[in-house]
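# Structural features, examined
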Amino acid sequence: MLRGMTTASSLPPGRARLALLLALSALAALAALAACGGGGGDGSASAPAATPAPAPVSGGAAPTPSPPPPPGVPAPAPAPAPRVAGTRATCNLANFRAEALALVNAYRAAGGQCGAQGSFAPSAALAWNDALTQASLVHSDDMMALNFFSHTGSSGSSAGQRATAAGYAWRTWGENIAAGQTTVNQVMAGWLASPGHCANLLNPNFRDIGLACVSGTTSNSYRTYWTMTLGATR
C-alpha cells in the first residue's frame, strides 16, 4: 500500500495501492505507501523554538562526584550511545542500509521528474543517521503493534516530533511510509513512482536519512511496515 498527500485510490488484491495522506480509510491490500512533508507548502517545517533550561536553584547541595577507581583498576568505559536494534529493524533483509543508501543516492545524483511535484535537479547524497532511523523504527513498531497505517502516531505524534524525541535537532524533515513490500528495491521503486514520495527522495534540502522495516504478524493487515525519515539539522 502507498499513501501520498491528498487523494486515495486502491487496486485489486495482489497489487500495490496508492493512498494519499488525507485518505479516509485504507482497505487491506498487498502493499501501501504514504508520503508526508514536515508541514508548509514545500514539505518542510521550521524547528520549534528551543525551551530555555531552568535557572539553577541557589543554595542547593552540590552533586556528589563519583569516587575514583582504586589504584590499578581501570576506569569503566563510557556507555555506548544507544543504537537501533539489528535485524528486527530491517525485516531481516540483508544489506538493508547499504542497498537503501545506494538506491536513494543514485536517484538524487540523477535528479528527475516527480509528476505534479515538479522536476528536481541532481542533489547531494544523503548520509545515514541513527537518530532518524530510531525515529523511523518507533513509528514502524507503533503501526505494526496497533495495526494501523498513518503518518500520525498512536499518541498523536508527527514525524518531526518523533525525530526530536530520538535526538535529531532538525530544521526540516519529511517522511515516507509503506506497508506490505518485501524488499528494499520494491519499496524504493514504489516511492519513486509516486509524486509525493519522489519529491521527498529528491528534495535538495534534506541531508540525512533513516529507514526501518518491521515485520508484521498473522494478525496484521500487512506483512511489513516501512518508515523513512529524512531531514537536515539546524
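Read on for an overview of the structure. Worth saying up front: this structure is predicted, and the values here are computed from it rather than measured. (Residues numbered from 1 in each chain as written. Predicted model: local features only at pLDDT ≥ 70, side-chain atom pairs only at ≥ 80, totals over all residues. Heavy atoms only, no water.)

### Looking at the packing of aromatic side chains
- All chains considered together, the criterion is met by 4 aromatic pairs.
- A centroid spacing of 6.1 Å and a plane angle of 55° characterise the contact between phenylalanine 149 and tyrosine 222, whose relative ring orientation is tilted. Of this pair, phenylalanine 149 sits in the loop between helix H2 (130-146) and helix H3 (159-165) while tyrosine 222 is found in the loop between strand S8 (208-215) and strand S9 (224-233), placing the two residues 73 residues apart along the sequence. In this pair, the class of phenylalanine 149 matches that of tyrosine 222, namely buried.
- An angle of 85° between the planes, with centres 6.4 Å apart, marks the rings of tryptophan 170 and tryptophan 173 as edge-to-face.
- Since its relative accessible area comes to 7%, tryptophan 170 is described here as buried.
- Here the aromatic residues Phe149, Tyr222 and Tyr225 are joined through ring pairs into a cluster of three or more. (Phe/Tyr/Trp six-rings, centres within 6.5 Å; stacked < 30°, edge-to-face > 60°. Helix = DSSP H or I, 4+ residues; strand = E, 2+ residues; numbered from the N terminus. Buried < 20%, exposed > 50% of the residue type's maximum accessible area, 1.4 Å probe, protein only.)

### Topic: the packing of helix H1 (residues 96-110) against helix H4 (residues 184-192)
- Close contact between H1 and H4 brings their axes to 10 Å; oriented N to C, the two are set at 25°. The orientation of H1 relative to H4 falls into the category roughly parallel. For H1 against H4, the interelement crossing comes out right-handed. Contact residues: H1 offers Phe96, Glu99, Ala100, Leu103, Val104 and Tyr107, while H4 offers Val184, Asn185, Met188, Ala189 and Leu192.
- Looking at the contact of H1 with H4, its residues break down into 9 nonpolar, 1 polar and 1 charged. (Axes fitted to C-alpha atoms, helices over the stretch in contact; angles between N-to-C directions. Parallel < 35°, antiparallel > 145°, perpendicular 65-115°, else oblique. Left-handed = near helix turned anticlockwise from the far one by under 90°. Contact = heavy atoms within 4.5 Å. Nonpolar A, V, L, I, M, F, W, Y, C, P; charged D, E, K, R; others polar.)

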